[in-house]
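One letter stands for each residue in the lines below.
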Amino acid sequence: MASKEKDTKEPEKKEKTPFPTHLHKDIPLHNVKPGSRGLRKPTEEELRVRKIVGINAETVTDVTSTDFPGHWPNEDHAWDKTKFQNTFVIKFHHHTPLEATFSLIGIDASVANAFRRIMIAEIPSLAIETVYVYNNTSIIQDEVLSGRLGLVPFTTRNKEAVFKHLKWWKKADPLKNQEGCDMNWDYNTIILSLKIECTRNEDAASDEKDPLKKYHNAHVYAKDIKFEPFGQQLDWFSGENAIRPANPDILVAKLRPGQVLDLTMHAVKGQGKDHAKYSPVATASYRLLPTIDITKPILGKDAEKFARCFPPGVIGFEKVTAEDAKIKDSGYEGHIGEKKAVVVDAMRDTVSRECLRHEEFQGRVKLGRVRDHFIFSVESVGQWDSDELFMTSVHLLKKKCQALKANLANMNQGGK
């Protein structure tokens, strides 16, 4: 039999396709410096435009970030600590003990969202876990009353003790033979009591209709809950540092003469990811800073209509000056003294896109959002001050990073 000759012909080598630099014709390379390995520094205007998320009438464009290595040719976008320290900014706009509005500028969405999630789900707080009902003759069922008590937030001025001295209380799992782990000690349980009875007010008028005047203890409030320290809690939570309801005027129940509440409650430290009653925030959200660019003049009655398309305070008015009219092709020629629309405070805008619905504003305005400018709105339920919530979230995220770094070091040691 004739043997088949093996095909020893080498495959043809394909030429490498050059990088498609024609896709980036909008990037001038005139400022590439010799000895810089072909790298260029983008201009401030280029960086500003790249950060804008386009808001159109029915679509949103440029939603993904592009400031990462390899996306823009001949540019270095590797993360640099010094550069981050110089560009990152925190700016507070409104601050009270219960509410705060602040901006994080120059940060990635993943980190900003990590702060938000930590504030909602991982900052520890105190809440009632177990209720022992000895007597309840009110019209509220035991389980409904217990649920209402569980949602009452408790606080103390000694926040450090909540972190360091109070330990986590865990419910025993009978399937895992966890005996004794759910026992109550001074380092994991706060004991509270509620003992109150409604009686008639002998000094009230006979025709009195208001139950608060006609009866004593007609309404039961959170301030009626008493803290009963034991063990070392006398050192941690005494005097001004005593455990107390964050809002003393929370209505718990309504009573009438002869009705009694006699309860003992156990409060423990928990996190919002376990149950919403442990979440220290009512809201923790952010939005991107809106941008409004008026590309062509909007004058007279159109300016007034344009302002009505936005919330109050976003758009203002100025008069066209002689200097404006002298600029060639500015659109202000021959309109000296007329009213023109200007952007006063874009941060107040809700980005309703109302202005894009009107034909007279087509091609005159561009809407967008700044991708790395996050406006946070945090509302505390009272256990923590609003600024403490954010600083604590930073502290917890730092601990997570340190734990990850330690685990990576252990992996490297194990590989060796």
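Residues numbered from 1 in each chain as written. Predicted model: local features only at pLDDT ≥ 70, side-chain atom pairs only at ≥ 80, totals over all residues. Heavy atoms only, no water.

J.: Outline the environment of Ser 65, listing residues and values.
T.: Of note, Ser 65 is situated in the loop between strand S2 (60–61) and helix H2 (81–87). When its relative accessible area of 30% is taken as the criterion, Ser 65 is described as partly exposed. Along the primary structure Ser 65 and Asp 372 are separated by 307 residues, whereas in three dimensions their C-alpha atoms are 9.0 Å apart. (Helix = DSSP H or I, 4+ residues; strand = E, 2+ residues; numbered from the N terminus. Buried < 20%, exposed > 50% of the residue type's maximum accessible area, 1.4 Å probe, protein only.)

J.: Please give an account of the confidence of the model for the protein that cites residues and values.
T.: Per-residue confidence for the protein gives a mean pLDDT of 87; residues scoring 70 or more make up 88%. Looking over the protein, one finds the lowest element-wise mean pLDDT in helix H5 (residues 159–164), namely 86, and the highest in strand S10 (residues 219–221), namely 97. Here residues 16–35 scores under 50 on pLDDT; set against residues more than four positions off or in separate chains, the count is 22 contacts. (pLDDT = per-residue confidence, 0-100. Contact = heavy atoms within 4.5 Å.)

J.: Break down the packing of aromatic side chains for me, citing the residues and quoting the values.
T.: Across all of its chains, the model carries 13 aromatic pairs by this definition. For the ring pair Phe 115 and Phe 390, a centre distance of 5.4 Å and an interplane angle of 75° mean the geometry is edge-to-face. Of this pair, Phe 115 sits in helix H3 (residues 109–121) while Phe 390 is found in helix H10 (residues 386–415), placing the two residues 275 residues apart along the sequence. Each member of the pair, Phe 115 as well as Phe 390, carries the same accessibility label: buried. A centroid spacing of 5.2 Å and a plane angle of 90° characterise the contact between Tyr 286 and Phe 374, whose relative ring orientation is edge-to-face. On the criterion of sequence distance, the pair formed by Tyr 286 in strand S15 (residues 281–294) and Phe 374 in strand S18 (residues 365–380) is long-range, its members being 88 residues apart. Judged by its relative accessible area of 2%, Phe 374 falls in the buried class. By way of ring pairs, the aromatic residues Phe 92, Phe 102, Phe 115, Tyr 286, Phe 374, Phe 376 and Phe 390 are connected into one cluster. (Phe/Tyr/Trp six-rings, centres within 6.5 Å; stacked < 30°, edge-to-face > 60°.)

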